[in-house]
Amino acid sequence: EWTKKVDESKIKSWAYTGGSYGEPLRIPYSKKRNLIRTATFKYYNEIGGYKLGDPFLLIRAKDKSPLIKFLRNENIFIPKDISETRIRLLIDELKKKKVKILMGYPTVIYELALFFLRNPAKKEGLAIKSIITVSEPLEYFKRQLIYDVFKCNFVDRYSNEEVGLIAQQREFGGEYFVNQFGVYVEVVDPDNLLPVNEGQQGKVVVTDIYNDLIPVVRYDTGDLATVNRYENGHLISIKNIIGRVTEQITDVNGIPVSPLALGPFIYKPLSRQGQFCQYQFAQITDSFYELRIKTKEGNISPILTDEIIYGLENTLGIGAKVHLKIVDEINPLPSGKRPVFKNETSLVYSTHRRNTIN
């Protein structure tokens, strides 16, 4: 409704959400707000190891004009297809363009790391010096594998299209330092909307101070995060970003279960058998869950399957049923993201369609 009231002559650009879980939303930016956004990303890109002019690869859902990509020394990879054939073509492009920075969805970078793990000789000729991941939570062991394979600077960023950059790490595995310029970030209790204490989890809401065209006040990002540190009442850093509410798995009693509690029951048995593969754990109903595994090894052995399912069902509670499904591909969302944990219950989806949260 507010966008209909804006003087179009004052709009420099539009920020479009991806619409992963609902209808896409667009936010108008004035020239001043657009410049602040550009400066913010330049500042945090440099913290992540980027220097102006470095050739970089951006993994995102939409392409850009050839002129813009040429001027920025930018390459775009749209991750609708991350088959091995496409990964090989991508690697050839990285070498040809002498790409120094990888930026974007960590699930795709993880697939790259897995390919190099299986084919270490193919790393020869790469010029990658820094990795900045965005938009998706990824389990620690997968991040560690990326770090071990690429052996370069590697930080994670928390941002969205609507308000821009929210927080970013300064070093691998470190805390997420909150952007202190132009946005006011809070992590609040979902019930009373008051800021939670250090060490507590809440939902992230952001006020865009410099959006002078429409009010973006305590905007609910739909994400869950844990506060790391306050200073004089101001949020300084976040310990971790759990992910969207639609990525929150609950046990049979409706109590949220952290991915940190579920992930080890999946990846530890698989890695012990030498199977480093992409997977997705989805909640279908209150008590029925599906584990989708993309593997070249064919079916998982019955012993391994039983071990994985037993661990998950035991954690999710009495009456939980987990079905293991071998798939050729983990289907992406419209945004191109592939969440590792996904809540597909009708209640969550109907809520998010109403709220049109990205």
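Residues numbered from 1 in each chain as written. Predicted model: local features only at pLDDT ≥ 70, side-chain atom pairs only at ≥ 80, totals over all residues. Heavy atoms only, no water.

Undergrad: Report on the packing of aromatic side chains, specifying residues and quantitative values.
TA: In the structure shown here, the tally under the stated rule is 11 aromatic pairs. Put simply, the rings of Tyr140, Tyr147, Phe154 and Phe172 pair up and form one aromatic cluster. Taking NZ or CZ as reference, arginine 26 lies 3.8 Å from the ring centre of tryptophan 14, over its face. In this structure, arginine 33 is placed above the aromatic ring of tyrosine 29, and the distance from its NZ or CZ to the ring centre is 4.8 Å. (Phe/Tyr/Trp six-rings, centres within 6.5 Å; stacked < 30°, edge-to-face > 60°. Lys NZ or Arg CZ within 6 Å of the ring centre and 35° of its normal.)

Undergrad: So what's going on with helix α4 (residues 106-118)? Which residues, and what values?
TA: With 13 residues, α4 should cover 18 Å at 1.5 Å per step; its first-to-last C-alpha distance of 18 Å lies within 8% of that length. Of all 13 residues making up α4, 11 are buried, and the element is well covered by its neighbours. Buried residues of α4: Pro106, Thr107, Val108, Ile109, Tyr110, Glu111, Leu112, Ala113, Leu114, Phe115 and Phe116, and no others. (Helix = DSSP H or I, 4+ residues; strand = E, 2+ residues; numbered from the N terminus. Expected span 1.5 Å × (residues − 1). Buried < 20%, exposed > 50% of the residue type's maximum accessible area, 1.4 Å probe, protein only.)

Undergrad: Which residues make up the sheet that holds strand β16 (residues 278-283), and what are the values?
TA: The sheet built from four strands is open, its strands ordered β18-β17-β16-β19 with mixed pairing. Two strands close off the open sheet at either side, each with one partner strand: β18 (321-327) and β19 (341-343). Pairs of neighbouring strands in the sheet enclose a mean axial angle of 20°, with direction left out of account. Pairing of strand β17 (residues 288-294) with β18, which is carried by seven bridges, proceeds in the parallel orientation. Bridging from a neighbouring strand, arginine 292 pairs with lysine 325 of β18. (Pairing = 2+ DSSP bridges. Axes fitted to C-alpha atoms, helices over the stretch in contact; angles between N-to-C directions.)

Undergrad: Please set out the nonpolar core residue by residue, giving values where relevant.
TA: The biggest cluster of nonpolar side chains holds 52 residues, and the ones touching the most others in it are Leu102, Phe150, Phe281 and Leu291. No other element matches α4, which puts eight residues into this core. If near-sequence neighbours (up to four positions away) are discounted, leucine 102 is found in contact with Leu57, Leu94, Ile109, Leu112, Ile128, Ser130, Ile131, Ile132 and Phe150. Counting 26 residues, the second-largest nonpolar core is a separate cluster that includes Ile214, Val216, Ala225 and Leu235. (Core = buried A, V, L, I, M, F, W, Y, C linked by side-chain atoms within 4.5 Å. Contact = heavy atoms within 4.5 Å.)

Undergrad: Which residues make up the packing of helix α3 (residues 84-96) against α4, and what values do they have?
TA: Contact pair α3 / α4: the axes reach a minimum separation of 11 Å and the direction vectors enclose 90°. Viewed along their axes, α3 and α4 adopt a mutual orientation that is roughly perpendicular. Every residue of α4 that contacts α3 at Glu84, Ile87, Arg88, Leu90, Ile91 and Leu94 is listed here: Glu111, Leu112, Phe115, Phe116 and Arg118. In terms of residue class, the contact of α3 with α4 is built from seven nonpolar, no polar and four charged. (Parallel < 35°, antiparallel > 145°, perpendicular 65-115°, else oblique. Nonpolar A, V, L, I, M, F, W, Y, C, P; charged D, E, K, R; others polar.)

Undergrad: Account for the environment of valine 134, with residues named and values stated.
TA: Relative to the assigned elements, valine 134 resides in the loop between β6 (130-133) and α5 (140-150). Of the residues examined, valine 134 reaches a relative accessible area of 11% and is grouped as buried. For the pair valine 134 and arginine 157, spaced 23 residues apart in sequence, the C-alpha to C-alpha distance is 5.0 Å. Not counting residues up to four positions away in its chain, the partners in contact with valine 134 are Gly104, Tyr105, Pro106, Asp156 and Arg157.

Undergrad: Any details on the pairing of strand β5 (residues 101-104)? Residues and values, ideally.
TA: A two-sided burial pattern is seen for β5, the buried positions comprising Ile101 and Met103 on one face and Leu102 and Gly104 on the other. Pairing of strand β3 (residues 56-59) with β5, which is carried by four bridges, proceeds in the parallel orientation. Bridge pairing in β5 places phenylalanine 56 opposite isoleucine 101. Pairing of β5 with β6, which is carried by four bridges, proceeds in the parallel orientation. Residue pairing across strands places methionine 103 opposite isoleucine 132, the latter belonging to β6. This β-α-β element, β5 to α4 to β6, shows right-handed connectivity. (Right-handed = clockwise from strand over helix to strand, strands pointing away.)

Undergrad: Any details on a nonpolar patch on the surface? Residues and values, ideally.
TA: Judged by side-chain polarity, Leu67, Phe70 and Leu71 come together as a nonpolar surface patch covering roughly 400 Å² of accessible area. Of note, leucine 67 is situated in helix α2 (residues 66-72). Among the residues examined, leucine 67 registers a relative accessible area of 56% and is labelled exposed. (Patch = residues over 30% accessible without salt bridge, like charges linked within 9 Å, V, L, I, M, F, W, Y side chains within 5 Å. Areas by Shrake-Rupley, 256 points an atom, 1.4 Å probe, with all protein chains shown as cover. Salt bridge = Lys/Arg side-chain N within 4 Å of Asp/Glu carboxyl O.)

Undergrad: Requested: an account of the environment of alanine 320, with residues and values cited.
TA: Position of alanine 320 among the secondary structure elements: in the loop between α7 (302-316) and β18. When its relative accessible area of 5% is taken as the criterion, alanine 320 is described as buried. In sequence terms alanine 320 and phenylalanine 288 are 32 residues apart; their C-alpha atoms lie 6.1 Å from each other. Apart from residues lying up to four places away in sequence, alanine 320 is in contact with Val252, Ser287, Tyr289 and Glu313.

Undergrad: Provide a residue-level description of the pattern of salt bridges, including the pertinent values.
TA: The tally for this structure, following the rule as stated, stands at 20 salt bridges. The closest approach of N and O atoms between arginine 143 and aspartate 156, which form a salt bridge, is 3.3 Å. Here arginine 143 is found in helix α5, whereas its partner aspartate 156 is found in strand β7 (residues 153-160), with 13 residues between them in sequence. Each of the two residues, arginine 143 as well as aspartate 156, counts as buried. In this structure, the salt-bridge partner of glutamate 175 is arginine 229, at a minimum N-O distance of 3.7 Å. Here arginine 229 lies in strand β12 (residues 219-231) and glutamate 175 lies in the loop between β8 (164-169) and β9 (176-178), a separation of 54 residues in the sequence. Accessibility expressed as a relative area gives 22% for glutamate 175, which makes it partly exposed. What makes arginine 229 partly exposed here is its relative accessible area of 26%. A network of salt bridges, in which partner residues are shared, links Glu290, Arg292, Lys342 and Glu344.

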